[in-house]
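So the chains spell out like this:
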Amino acid sequence: MIYTNEKVKRILKSELVKRGVTTSDLVILLNNEGLNETKSSITSKISRGTFSATFFLQCLSVIGCSKLEIDNYTSNLSIAAEPTTKYKIKDE
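The structure reproduced in this document is the subject of the present report.

So, about the pattern of salt bridges. Per the counting criterion, the structure on display carries five salt bridges. For Arg-10, the salt bridge identified is with Glu-6, shortest N-O distance 3.2 Å. Taken together, the residues Arg-10 and Glu-6, both in helix H1 (residues 5-18) and four residues apart, mark about one turn of the helix. Of the residues examined, Glu-6 reaches a relative accessible area of 36% and is grouped as partly exposed. Ionic pairing is found between Lys-45 and Glu-37, a salt bridge with its closest N-O pair at 2.9 Å. Through salt bridges with shared partners, one network takes in Glu-6, Lys-9 and Arg-10.

Calculation criteria
Residues numbered from 1 in each chain as written. Predicted model: local features only at pLDDT ≥ 70, side-chain atom pairs only at ≥ 80, totals over all residues. Heavy atoms only, no water. Salt bridge = Lys/Arg side-chain N within 4 Å of Asp/Glu carboxyl O. Helix = DSSP H or I, 4+ residues; strand = E, 2+ residues; numbered from the N terminus. Buried < 20%, exposed > 50% of the residue type's maximum accessible area, 1.4 Å probe, protein only.

The structure is reproduced here in structure tokens:
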């Protein structure tokens, strides 16, 4: 399988959505690790899909993604996968 910028971008976006991490959250997490990133720089990198493997792995690391199965990522039209975790609803 050939991985294009679009596919890698979708993988990163999907992992962010699965964990409920926003771009603003990602900026904070990366900056806590000593990286000097801004929200606009991260948004730009992700939207273009032109980022280094190092940046990709840093992002996955700070959001807590320790395992990634890439065989299941297909080139369908959805940008991000739906979370598989059931949400707990607070009883009122």
